[in-house]
Structures are given as C-alpha cells and as structure tokens.
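Given next are the chains, with one letter for each unit.
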Amino acid sequence: SASSSGLCVHCPAPWSPLLPFIPVVAFFSSGIVEVLMCRHKARNALGNVFVSQMRKVVSTLYNDSAVRVVIFRSLVPGVFCAGADLKERALMNNSESDLFVHGLRSLMTQIALLPTPTIAAMDGVALGGGLELALACDLRAAANSAQMGLIETTRGLLPGAGGSQRLPRMIGVTLAKELIFTGRRVGGQTALEMGLINRVVEQNQTGDAAYREALSLAREILPQAPIAVRMAKEAMNRGLEVDIGSAMAIERMCYARVIPTRDRQEGMAAFIEKRAPRYTGE
C-alpha cells in the first residue's frame, strides 16, 4: 500500500510486524528490512513530507535487535531517487531552503549512523540527494543502466546532504572534485570502476536486478554474528575519522564488546565441533 509521503509497505510472507503503527516498513523473519520509496509522479523526489516520513522510519530501526540488514530500494520504474523536490524548493525563501537542506542532511546522517549494515539497491536514476542517500548507505548495488551523479552545480548549488564529504572519502578527492565540479552523470559500470558502488548487474525484464543483487548481498551478511557485524561497522566508521593510533583504540574498544557475547562462544564452539554456527545476537 502507498502513502502520500511516497513510502510504501512491503509485506511478503513471512514477515513480522514488530512496529505495526509504522505504515512504511516491513520486517522480514530473516532479519532483512526493506525501506521502499514509491513516490511515482515525483520520481521519489525528496520533499518535506517524504523526508519526514523517512526519518520516522529510520528512527524505528536503531535499537531493534531483530534488524540485521536494511535495504533501501525504489518501486518507481527506472528511478532510485531523483533528488530534492525542486518544485517545493522553488516556493521556499532562503531561510526555509536552508532549514530544509539541514533536515535533509540530518536524514542522511541518521541513515549513516544506523548500527546495522545498509544497502542501496539502485535500479535507476540516482541524482543529487538521491545519490547522497545511497552514499549514506554502507553498500551499493546498481544496474548497469542506472545513472548517478551529484548534479547540484548544474542547478547553482553544491551537494548539501553530505555528498561533498562522503564522495571524496569514498572514491578519492581528485575524482570526487571532477564529478562535483562538472555535475557529470555516470553509469553502473563506470561507478563500479570508480569504487562508487560495490556491485553492478545487467538489468532484467522486471527492472529490479539491483534489488535482487542487494538481497543476495544481504543474505551473505545474515549468517554472520550480528553483534560482531555491528561492532565492525562502528570500528570502521569511527576509525576513518581519526588518526591511526586513535583508530586502533576504537578497534580495541569494539573488540572488547564482542568478547563476552554468547555469539563469540558459539563461534568458537562451532569451529571446534566443525559445524555451522548458530548466532542469536546475544
């Protein structure tokens, strides 16, 4: 079912409605959560209501131990997210525009700070804020036909939802400057070669090849110890922002948090007994 915000429920059985009052997320029994965007007429443009609803959705995922992986995807054919809603922006004064972009930046930070791995499934166009949403995720899968770019300079702007910071950290300063200065769009294969995405696939007849690849990637993550995966994410994300000595201290702190877990004991026992581990996230 669709809502006016442009976010949808996706409820393939079996699923576990852990938060039944939130009409925009489906919790799978496997631990994979999908956040679906389906603002068809506006091509998933990031308007006020859309952003507000997305923030509410993301906020529900923080402290839920049942959530193992989160996939962001679109139900609009040929589009992941076309960026900010320029029709709304055109009606804003300078102060309102600044406030809106601040909220958009906060949303992307909120996504980046999710403790579980996040995957963007880019089956179509991801421009401006749409690509910034994907950059806020840990991993990205894209169809080879997808087009992506930070095109803000072509509109008299610069990336304002984290893109000017995340893109250089991801693909290097020199290449990021070229893409942002020119507003260039790149396809899936080029994006893979740049290190902008993790996987690229041929688009299929149903137009959801990137989603299927993202789901495959999520299923590779699921069997691993959940607390260990979360701590690995925290260690990497926090370590990237400091000097190597401080980063080693962060790694030690994160490692110390997995030592007393039942999952660590289960991992050791499974190794000794030569069987697959059965992790519970405890």
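Here the structure is shown first, and the text comes after it.
Worth saying up front: this structure is predicted, and the values here are computed from it rather than measured. Each chain carries its own residue numbering, running from 1 in the direction its sequence is written. Thresholds applied to this predicted model are a pLDDT of at least 70 for local features of residues and 80 or more for the giving and counting of side-chain atom pairs; totals over whole chains, interfaces and linings are not thresholded and use all residues. Each side-chain value is worked out from all heavy atoms of the structure, with water and hydrogens disregarded.

(A) Spotlight on the overall build of the protein. Along the protein, the regular secondary structure elements total 11 helices and 11 strands. Between buried and exposed lies partly exposed: a residue is buried under 20% and exposed over 50% of the maximum accessible area for its type, with that area taken using a 1.4 Å probe on protein chains only. Looking at the protein as a whole, 49% of its 282 residues qualify as buried. Throughout, a residue-residue contact means that at least one pair of heavy atoms, one from each residue, lies within 4.5 Å. Counting only contacts in the protein whose residues sit at least 6 apart along the sequence, the fraction spanning at least 24 positions is 67%. As displayed, the protein has an accessible area near 14,000 Å², and 56% of this comes from carbon and sulfur atoms. Strands here mean DSSP runs of E at least two residues long; helices mean DSSP runs of H or I at least four residues long; both are numbered from the N terminus. All accessibility values rest on the Shrake-Rupley procedure with a 1.4 Å probe; residue burial counts only the protein chains present in the view.

(B) Focus on the sheet that holds strand β10 (residues 186-187). Read across the open sheet, the four strands follow the order β5-β7-β9-β10; overall the sheet is mixed. Edge positions in the sheet fall to β5 (79-81) and β10, since each has one partner strand and no second. Think of it this way: DSSP has to see at least two bridges between two strands before they count as a pair. Where strand β7 (residues 125-127) and strand β9 (residues 147-149) come together, two bridges link them in parallel fashion. Each residue of the ladder has a partner; that of Leu127, found in β9, is Gly149. Across the sheet, helix α4 (residues 129-136) touches β5, β7 and β9, and the angle it forms with β7 is around 95°. Fitting a line to C-alpha atoms yields each axis, with helices limited to the stretch in contact; the angle taken between N-to-C directions then spans 0 to 180 degrees.

(C) The arrangement of the pattern of salt bridges in detail. We count a salt bridge whenever a side-chain nitrogen from Lys or Arg sits within 4 Å of a carboxyl oxygen from Asp or Glu. For the structure on display, the rule yields 12 salt bridges. The residue Asp138 makes a salt bridge to Lys233 at a minimum N-O spacing of 2.7 Å. Of the two residues, Asp138 sits in the loop between α4 and β8 (139-143) while Lys233 sits in helix α9 (residues 226-239), which places them 95 residues apart along the sequence. Exposure remark for Asp138: the relative accessible area of 23% places this residue in the partly exposed category. Here Glu266 makes a salt bridge to Arg275, at a shortest N to O gap of 2.6 Å. Accessibility expressed as a relative area gives 16% for Glu266, which makes it buried. Owing to a relative accessible area of 25%, Arg275 belongs among the partly exposed residues under this scheme. The structure contains a network of salt bridges with shared partners spanning Arg199, Glu213 and Glu220.

(D) Expanded view of the side chain of Gln110. Here Gln110 lies in helix α3 (residues 94-112). Apart from the residues within four sequence positions on either side, Gln110 is in contact with Arg55, Val58, Ser59 and Tyr62.

(E) Region of interest: the nonpolar core. Nonpolar cores were defined as sets of buried Ala, Val, Leu, Ile, Met, Phe, Trp, Tyr and Cys residues, with membership established by side-chain atoms within 4.5 Å. One finds Phe72, Met122, Met148 and Leu196 to be the most contacted residues of the largest nonpolar core, which totals 48 residues. Those residues in contact with Met148 that sit more than four places away from it in its chain are Met122, Ala126, Leu127, Leu131, Ala142, Arg184, Arg185, Val186, Gly188, Ala191, Leu196 and Ile197. In this structure, Ile71, Leu217, Ala218 and Ile221 belong to the second largest nonpolar core, which totals 14 residues.

(F) Representation of the environment of Thr153. Looking at where Thr153 falls in the secondary structure, it is placed in the loop between β9 and α5 (163-171). In contact with Thr153, other than residues within four places in its own chain, are Ile180, Phe181, Thr182 and Gly183. Of the polar contacts made by the side chain of Thr153, one reaches the backbone oxygen of Ile180; its length is 3.0 Å. We define a polar contact as two N or O atoms separated by no more than 3.5 Å, with the added condition that, inside protein, one atom must be a possible hydrogen donor and the other a possible acceptor, whereas residues neighbouring each other in sequence contribute only through side-chain atom pairs.

(G) Focus on the packing of α5 against helix α6 (residues 173-182). Running from N to C, α5 and α6 cross one another at 135°; their axes reach a closest spacing of 7 Å. In terms of orientation, α5 lies oblique with respect to α6. The hand of the α5/α6 crossing is right-handed. Residue-level inspection shows Gly163, Ser164, Leu167, Pro168 and Ile171 of α5 in contact with α6, the latter providing Val173, Leu175, Ala176, Leu179 and Ile180. Just so you know how the angles are binned, under 35 degrees is roughly parallel, over 145 roughly antiparallel, 65 to 115 roughly perpendicular, and the rest oblique. Here a crossing is taken to be left-handed if its near helix is turned anticlockwise relative to the far helix by less than a right angle, and right-handed if that turn runs clockwise.

(H) Spatial organisation of α4. Here α4 lies mainly inside the structure; eight of its eight residues are buried. All of the buried residues along α4 are Gly129, Gly130, Leu131, Glu132, Leu133, Ala134, Leu135 and Ala136.

(I) Inspection of unusual backbone geometry at higher detail. Positive phi outside glycine occurs at Asn44, with the angle close to 60°. With respect to the helices, strands and loops of the structure, Asn44 is situated in the loop between β3 (32-37) and α1 (48-59). Relative accessible area serves as the criterion here: at 0%, Asn44 is assigned to the buried category. Within the chain, Lys274 stands out as a residue other than glycine whose phi angle is a positive 55°. With respect to the secondary-structure elements, Lys274 resides in the segment after α11 (262-273).

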